[in-house]
Amino acid sequence: MNGISVMLLLTQIYRVQGDWYGGPGVAGPVLNWGNTFYSSWNVTYANPGIISLMAIGWQYGSGGWVRRLIDNNPGPNAHYQGFSAFDIDGDGDKDLLLHSGRIARWYEFVDNWVFVKHDIYTFPAMSDRSGVWADDFDGDGDGDVVVATGNGGLYYCRNDGGGLAWTVGQISIGSRCRALSGDMDSDGDKDIVALQFNPGAVYLYRNQGPGIFAEELVYSSADDIWRLAIGDLDKDGDLDMVTSGTPGDNWVHTYINNGSGFFTHYAVYNLGGKADGMWLNDLNGDGILDITIGMEALAWNFRGLINTGDGINFIHYNLTAGSAGYTDGSIARDMDLDGMPDIVGSHDFIGYFRQEPPPQPWPTFTEYFIDNFAQSHWVYPDDLDQISCTPDVDILATRRGEHVIFENRMAFQYPPLGELVSSVLQLYPDPDSGGCISYFGWSAETCIPNDTSVLLYWRYGNTMEGCTTMTWLGPIQLPKSVNDSTLISTPCIKYFQYKLAFRPDTEKVEISTIGEVWVKYSVCPLYEKAEEGPTPGPSRLALRQEGRFLVLELPTPRKAYIAIYEPAGRLVSVLLNDNAEPGSLRFPITQFKPGVYFALYRDERFTERTTLIVR
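Residues numbered from 1 in each chain as written. Predicted model: local features only at pLDDT ≥ 70, side-chain atom pairs only at ≥ 80, totals over all residues. Heavy atoms only, no water.

**Concerning the overall build of the protein**
Link 1 in the chain: Of regular secondary structure, the protein possesses one helix and 53 strands.
Link 2 in the chain: Taken against the 2.2 N^0.38 rule, which gives 25 Å for 615 residues, the C-alpha radius of gyration of the protein at 28 Å falls within 12% of a compact globule.
Link 3 in the chain: Considered along the principal axes of its C-alpha atoms, the protein spans approximately 85 × 55 × 45 Å.
Link 4 in the chain: Split into buried and exposed, the 615 residues of the protein put 58% on the buried side.
Link 5 in the chain: Sequence-distant contacts in the protein: of pairs separated by 6 or more residues, those separated by 24 or more amount to 58%.
Link 6 in the chain: A total of about 23900 Å² of accessible surface is found on the protein, and carbon and sulfur atoms cover 50% of it.
Link 7 in the chain: When the 42 positive and 77 negative side-chain charges of the protein are each reduced to one mean point, those points stand 7 Å apart. (Helix = DSSP H or I, 4+ residues; strand = E, 2+ residues; numbered from the N terminus. Rg over C-alpha atoms; globule rule 2.2 N^0.38 Å. Buried < 20%, exposed > 50% of the residue type's maximum accessible area, 1.4 Å probe, protein only. Contact = heavy atoms within 4.5 Å. Areas by Shrake-Rupley, 256 points an atom, 1.4 Å probe, with all protein chains shown as cover. Lys, Arg positive; Asp, Glu negative; His and termini not counted. Charge placed at Lys NZ, Arg CZ, Asp CG, Glu CD.)

Listed below in structure tokens is the structure:
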């Protein structure tokens, strides 16, 4: 034996889970958590980007809403799009973005329902069908803004610091009526998708670096294209698109991404009449994004196109009966925190249609009127009363002459406990390598008020069986401070799983929310293999302890199983349950508590056992 060959990659690796809308049922192992998990109990994940306790009691109706005027000068144009919330100044709370007349404007959050107005830029023109959208396009931690001015082209407004200085450039002179964003080509930065209204077209603007976007035509039509939504329709991990037109095109169209930002177009459903409001959410709880459509013809109702899983084939349902007055601006969102998406709508009124739980047959939606709001063509639900952590969803709405927020003051009741268990994460694809996890962390969107708690449990192993049968470690109570991570310090492991347990404040009726979780680790060898020198390798099977290592001598390749047990027979850890190459394999044992153990080796023909003493 000439020495030990060990490859250690010292680069720190992060694995992030920032969404759970894909739902439960994925045991793993997975190389990325994605948007799915293993199981949950009394936890809602229906609203994008957060998990919290599910509401089990609530007060509905107009008495639970307060109307708050934000800006009363949008100008004469009724079809302004994009009034929404984003952290423009990078300070961890949600600001507001809108356009007022020809001005792109943001409102800085100062205190609950207290905002300070800041103008970004005054454009030469802003036609009726125009829109704004915010995202961190340059990756510097604050919000940049894209503005589709209608006939005046598409502009990119780069935030040069705190939202107080901006560099504005025109990235397209063509008519652009709406813009959204996402990492469409999976290269790690945010791209722009924008529409041309009539004749219709879909354009992708690939992010090429600081302020540079390359325009590509995705699809064109002789008819109009008006509504746009972005999401993973076929559950392959990349972002697809949906568009619909009004009034010239009655079809719903999807655009399936090949992973690199190249799309295949499908006309997936003919609605048979004029549609308007359109958005994506998992309407039926199967973990797949569906399409919500507001009809402005025929039955004047909300329809659901239920995705069969490929983003191409859909099953049509009438979700509501006559819903005239609501079907222009429409988005599906869980308004009452019961775990099921509801439908928010506007045109003559503001209101939502609550999805009724079993035993009501699916789909059953009940109308709840909030207020009169004539000539509204845009609604966007988000949680904006940021002093409270409770994720009650408010409604941002635009109409001719007003940008308004309807504050959700419905009273909620919560269960005493809820839990969510992740899928098992495989830390490294190489079967002989794993990871040493140092920290478990969470994002700024996480909010844990006093007298509530979020408890972290975790477990790990070198096999799926070893991981899922290990007794949960912890709990650690996630701190109610600015800390964004906690030390958990695992040995070199192949698989990892977390569990979060939520408890409410029953006196103040407040709950915690989790916005994103992550683990940080470095790659490590699950075992060390001795380099072969001029002498032959092991001639016979052997299992023994050498100081801080358990050594296995394998003369031939085989499927091998090695586990560590306490003297009473309780399983402590599975070190190997896989095909192994011949040679001397060394497994570190210093991660175990001091004491006496025994190691068991087993394959198809042989069994070996040896005593281990860990000091």
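**Some words on the sheet that holds strand β11 (residues 114-122)**
Link 1 in the chain: In spatial order, the strands read β8-β9-β10-β11; together these four strands make up an open sheet with antiparallel pairing. The open sheet has two edge strands, β8 (84-86) and β11, and neither has a second partner. Strand-to-strand twist across the sheet, computed as the mean angle between neighbouring axes with direction ignored, equals 30°.
Link 2 in the chain: As judged from the eight bridges shared by strand β10 (residues 103-111) and β11, these two strands associate in the antiparallel manner. Across the sheet, Phe109 pairs through a bridge with Phe115, a residue of β11. (Pairing = 2+ DSSP bridges. Axes fitted to C-alpha atoms, helices over the stretch in contact; angles between N-to-C directions.)

**Topic: the sheet that holds strand β5 (residues 51-53)**
As a general point, the strands of a sheet are linked pairwise by backbone hydrogen bonds and lie either parallel or antiparallel.
Link 1 in the chain: Pairing within the open sheet is antiparallel, and its three strands lie in the order β4-β5-β44. The sheet terminates laterally at β4 (43-44) and β44 (513-514), the two strands that pair on one side only.
Link 2 in the chain: Sheet topology places β5 next to β44; two bridges connect them, and they run antiparallel. Across the sheet, residue Ile51 finds its bridge partner in β44, namely Ile514.

**As for the side chain of Asp71**
Link 1 in the chain: Summarising the element assignment, Asp71 is placed in strand β7 (residues 65-71).
Link 2 in the chain: There is a polar contact of 2.6 Å between the side chain of Asp71 and the side chain of Tyr107.
Link 3 in the chain: For Asp71, the residues in contact, after removing those within four places along its chain, are Leu98, Ser100, Arg105, Tyr107, Gly401, Glu402 and His403. (Polar contact = N/O pair within 3.5 Å; in protein donor to acceptor, adjacent residues only side chain to side chain.)

**Quick word on the state of the cysteines**
Link 1 in the chain: This model, assessed by the stated rule, comprises one disulfide.
Link 2 in the chain: For the unlinked cysteine Cys436, the closest cysteine sulfur is that of Cys524, found at 3.5 Å.
Link 3 in the chain: Cys436 sits in the partly exposed class, given a relative accessible area of 26%.
Link 4 in the chain: The closest cysteine sulfur to the non-disulfide-bonded Cys467 is located on Cys492, 14 Å from its own sulfur.
Link 5 in the chain: Taking relative accessible area as the criterion, Cys467 reaches 0% and is therefore assigned buried. (Disulfide = S-S within 2.5 Å.)

**So, the nonpolar core**
Link 1 in the chain: Formed by 53 residues in total, the largest nonpolar core has its most connected members in Phe496 and Tyr498.
Link 2 in the chain: For Tyr498, the contacting residues outside a window of four places in its chain are Gln17, Trp20, Trp33, Leu420, Val421, Ser422, Phe440, Leu456, Tyr457, Trp458, Trp472 and Val517.
Link 3 in the chain: Of all hydrophobic cores here, the second largest spans 45 residues; its members include Phe83, Phe137, Phe197 and Ile331. (Core = buried A, V, L, I, M, F, W, Y, C linked by side-chain atoms within 4.5 Å.)

**Some remarks on the packing of aromatic side chains**
Link 1 in the chain: If you walk through the whole model with that rule in mind, you get 27 aromatic pairs.
Link 2 in the chain: Judged by centre distance (6.1 Å) and plane angle (55°), the ring pair of Trp65 and Tyr352 falls under tilted. Of the two residues, Trp65 is situated in strand β7 and Tyr352 in strand β30 (residues 349-355); the sequence distance between them amounts to 287 residues. For the residue pair Trp65 and Tyr352, the accessibility class agrees, reading buried in each case.
Link 3 in the chain: Residues Tyr317 and Trp362 carry aromatic rings whose centres are separated by 5.1 Å and whose planes lie at 75° to one another, so their mutual orientation is edge-to-face. Placement of the pair is Tyr317 in strand β27 (residues 314-318) and Trp362 in the loop between β30 and β31 (365-372), with a sequence separation of 45 residues. (Phe/Tyr/Trp six-rings, centres within 6.5 Å; stacked < 30°, edge-to-face > 60°.)

What is shown is where atoms sit, not what they do.
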